[in-house]
Amino acid sequence: MSEATKIVDRVLERIHYIHLPKVLTAADLVFIEAQLNSWKSLDVEIHVIDMAGLPQAHHRFFVAMKNFSDMIQPRRLVSLNMTDSVYKEVVNRNLETTFNRILQFPDDLYAKKKLGDDELKRTLIRYMIRAAYSAVEVALRSTVSCDENYLAKAESVPYSQFDMMAVVDVKNDFLKAQFRLCASAEVLRKCARAMLGPDASIDQEVIDSMASELLNLIYGQAKSHLNDRESFRLPPVIPKVIGKKQFSEIRRSSSPQQLSILPLVTPLGSFYVEIDTGSLV
C-alpha cells in the first residue's frame, strides 16, 4: 500500500486529525473499526476527519463513524473535504449530526460565538484590560491600574485634553467596533522613553508611533486571546494615528451601552482605551 492510500492520524494541540485516502479499501475499513477504541481514549477536545474528497463510502464506514461519534460524546466529530455525493448519503442516513460537515477550515471548526450585547461588552473589556496590563508591564516595564468595574464617563474625558489618538476599526459579520487609544503628548513621550531607554532621541515621529504601538500591543494581544479562547473572529489591523486637528472626524457614541472608556493609570501618566460599538454602525 503506498503512502497516499494510508489512513494517517495525529494529535496536534488537543485536536485529533484523521486523514483518509481518496479510496477506502476493505482493509481500510477493517483498520478504522479496529482503531475506534484507541481513538476514543485520546485526551483531545475534538476529532476531525479529513475525507480528502472521497467520492463514495461503504455502508461499513458510515456505521463505524456513527459508533465512534456515539462513543466520544460529549466531544464532537467533525468532517471536512466531504464531497456532495458523500454528503447526500450522509443526509439520506440521517447522520448530519454524526459527521458535522464543515465547509471552511479552520474557521468553522468550533461553533460561532453568539453573545448578547452586554456579554459581548463585558468580554471585550475583560480581555482589553488583561492585554493592557501585559503591554504596560512588558513593553514599558511599568505597572498599570485599571478596574473593569470602573469605566470613565465620556463627559469626564473630553478629547480636548489629548494630543494624539490611535484607532483600530473592526467591521465584519461578527463585530462592528472602533478601538481607540487616547493620550497626551507628554504621557506618550514618557512611554517612549520607558520603552526605548534614556538615551533614545524622542521626536514627534516617535511620539506618534508610540500611540500606534501601544494600541497595537493591546489590541493585538486581546485579539489573539479572544480568537483562541472565545472563538471570536477579530481580524489583524494596523492602528492609524490621528492628531488633534482630526479629532472632529471621530464619531464617539453617546450611549454608555455602546461606549466603554477604560482609564489606564500608570506611574508614567494616564491614557485611555475606548471600545465603541456604535461608531461604525
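Residues numbered from 1 in each chain as written. Predicted model: local features only at pLDDT ≥ 70, side-chain atom pairs only at ≥ 80, totals over all residues. Heavy atoms only, no water.

A. Inspection of the pattern of salt bridges at higher detail. Across all of its chains, the model carries 10 salt bridges by this definition. Between Arg14 and Asp43 there is a salt bridge, and its shortest N-O distance comes to 2.8 Å. One end of the pair, Arg14, is in the loop between β1 (8-12) and β2 (15-19); the other, Asp43, is in the loop between α1 (26-40) and β3 (46-50), with 29 residues separating them in the sequence. Given a relative accessible area of 62%, Asp43 falls into the exposed group. Put simply, Glu89 and Arg93 hold a salt bridge, and the shortest N to O gap is 2.7 Å. On the accessibility criterion, Glu89 (29% relative accessible area) is partly exposed. The class of Arg93 is partly exposed, set by a relative accessible area of 29%. (Salt bridge = Lys/Arg side-chain N within 4 Å of Asp/Glu carboxyl O. Helix = DSSP H or I, 4+ residues; strand = E, 2+ residues; numbered from the N terminus. Buried < 20%, exposed > 50% of the residue type's maximum accessible area, 1.4 Å probe, protein only.)

B. View of the nonpolar core. Membership of the largest hydrophobic core comes to 47 residues, with the highest contact counts inside it found for Leu175, Phe179, Leu181, Ile218 and Phe271. Residue assignment for this core shows that the elements contributing at least two residues are α5 (117-139), β5 (164-171), β6 (176-183), α6 (185-196), α7 (204-230), β8 (259-266) and β9 (269-276). For Leu181, the residues in contact, after removing those within four places along its chain, are Met164, Met165, Ala166, Ala211, Leu214, Leu215, Ile218, Phe271, Tyr272 and Val273. (Core = buried A, V, L, I, M, F, W, Y, C linked by side-chain atoms within 4.5 Å. Contact = heavy atoms within 4.5 Å.)

C. Molecular detail of the side chain of Asp276. With respect to the element layout, Asp276 can be found in strand β9. The class of Asp276 is buried, set by a relative accessible area of 0%. At 3.0 Å, the side chain of Asp276 forms a polar contact with the backbone nitrogen of Gly278. Setting aside anything within four residues of it in sequence, one finds Asp276 in contact with Lys176, Ala177, Gln178, Arg180, Arg251, Arg252, Ser253, Gln258 and Leu259. (Polar contact = N/O pair within 3.5 Å; in protein donor to acceptor, adjacent residues only side chain to side chain.)

D. How the structure looks around the packing of α1 against helix α2 (residues 59-72). Remark: α1 packs on α2, axes separated minimally by 10 Å, with the N-to-C direction vectors making an angle of 0°. With respect to their mutual orientation, α1 and α2 come out roughly parallel. Listed contacts from α2 to Leu29, Val30, Ile32, Glu33, Leu36, Asn37, Trp39 and Lys40 of α1 are Arg60, Phe61, Ala64, Met65, Phe68, Met71 and Ile72. Classifying every residue of the contact of α1 with α2 by side-chain character gives 11 nonpolar, one polar and three charged. (Axes fitted to C-alpha atoms, helices over the stretch in contact; angles between N-to-C directions. Parallel < 35°, antiparallel > 145°, perpendicular 65-115°, else oblique. Nonpolar A, V, L, I, M, F, W, Y, C, P; charged D, E, K, R; others polar.)

E. Structural view of the sheet that holds strand β4 (residues 76-80). The strand order across the open sheet built from four strands is β1-β2-β3-β4, with neighbouring strands paired in mixed fashion. Edge positions in the open sheet fall to β1 and β4, since each of these has one partner strand only. Averaged over all adjacent pairs, the angle separating strand axes in this sheet is 20°, with direction ignored. Where β1 lies against β2, five bridges are found, and the strand directions are antiparallel. For Asp9, the partnering residue across the bridge sits in β2 and is Ile18. (Pairing = 2+ DSSP bridges.)

F. How the structure looks around unusual backbone geometry. Geometrically, the link from Gln73 to Pro74 is a cis peptide bond, its omega value of 10° lying close to zero. In the Ramachandran plot, Asn100 falls in the positive-phi region, its phi being about 45° despite a non-glycine side chain. Position of Asn100 relative to the elements: it lies in the loop between α4 (96-99) and α5.

G. Quick peek at the layout of surface pockets. In this structure, the second largest pocket spans a volume of roughly 250 Å³. Lining the second largest pocket are 14 residues; nearest its centre among them are Asp117, Leu120, Leu175, Lys176 and Thr277. Those elements that place two or more of their residues in the lining of the second largest pocket are α5 and β8. Looking at which element gives the most residues to the lining of the second largest pocket, the answer is α5, with five residues. Grouping the amino acids of the lining of the second largest pocket by side-chain chemistry returns seven nonpolar, four polar and three charged. (1 Å grid on protein atoms, 1.4 Å probe; cavity = no way out; pocket = protein on both sides within 12 Å on 5 of 7 lines; lining within 4 Å. Points joined across faces, edges and corners; volume = space filled by probe spheres on them.)

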